[in-house]
Amino acid sequence: MPPKIRELISDLERAGFRNRGGRGSHRNYVHPNLVKPLTLSGNLGDDANRRQIKDVRNAIEESQK
């Protein structure tokens, strides 16, 4: 079963990302070590799709370099 959007958000926040806001169900997360923000769409209880999971994992890895 894929993780929920809320689980990806908690992973991002633990890694030091902060929510810059967004419109509707879109949220933009920024990190001081990254230039490009990461956008997550969907309601908190929705299942995350593969692309979102991959994007979050890659962003967390990049921020730790």
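Reading the values: rules and limits
- Residues numbered from 1 in each chain as written.
- Predicted model: local features only at pLDDT ≥ 70, side-chain atom pairs only at ≥ 80, totals over all residues.
- Heavy atoms only, no water.
- Axes fitted to C-alpha atoms, helices over the stretch in contact; angles between N-to-C directions.
- Helix = DSSP H or I, 4+ residues; strand = E, 2+ residues; numbered from the N terminus.
- Parallel < 35°, antiparallel > 145°, perpendicular 65-115°, else oblique.
- Contact = heavy atoms within 4.5 Å.
- Nonpolar A, V, L, I, M, F, W, Y, C, P; charged D, E, K, R; others polar.
- Salt bridge = Lys/Arg side-chain N within 4 Å of Asp/Glu carboxyl O.
- Buried < 20%, exposed > 50% of the residue type's maximum accessible area, 1.4 Å probe, protein only.
- pLDDT = per-residue confidence, 0-100.
- Pairing = 2+ DSSP bridges.

### Notes on the packing of helix α1 (residues 5–14) against helix α2 (residues 50–63)
Axis angle and axis distance: for two packed helices, these are the angle between their axes and the distance between the axes, and together they describe the pair. Where α1 contacts α2, the axes come no closer than 10 Å and their chain directions differ by 5°. Our classification of the angle between α1 and α2 gives roughly parallel. Residues Ile5, Leu8, Asp11 and Leu12 of α1 form the contact with α2, whose own contacting residues are Gln52, Ile53, Val56, Arg57 and Ile60. The residue makeup of the contact of α1 with α2, split by class, is six nonpolar, one polar and two charged.

### Some words on the pattern of salt bridges
Tallied over the full model, the rule gives five salt bridges. Here Lys4 makes a salt bridge to Asp47, at a shortest N to O gap of 2.8 Å. Of the two residues, Lys4 is situated in the segment before α1 and Asp47 in the loop between β3 (38–41) and α2; the sequence distance between them amounts to 43 residues. The shortest N-O distance in the salt bridge between Arg14 and Asp11 comes to 2.4 Å. One end of the pair, Arg14, and the other, Asp11, are both in helix α1, three residues apart, so they sit about a helical turn from each other. Using a relative accessible area of 18% as the deciding quantity, one classes Asp11 as buried. If you follow the salt bridges from partner to partner, you end up with Asp11, Arg14 and Arg57 in one network.

### Describing the confidence of the model for the protein
On average, residues of the protein score 95 in pLDDT, and 100% of them are at 70 or above. Mean pLDDT values over the elements of the protein span from 95, in strand β1 (residues 18–21), up to 97, in α1.

### Considerations on the sheet that holds β3
Across the sheet, three strands lie side by side as β1-β2-β3; this open sheet has antiparallel pairing. Of all the strands in the sheet, the pair left with one neighbour each is β1 and β3. In this sheet, adjacent strand axes meet at a mean angle of 40° when their direction is disregarded. Pairing of strand β2 (residues 26–30) with β3, which is carried by four bridges, proceeds in the antiparallel orientation. Paired with His26 across the bridge in β3 is Ser41.

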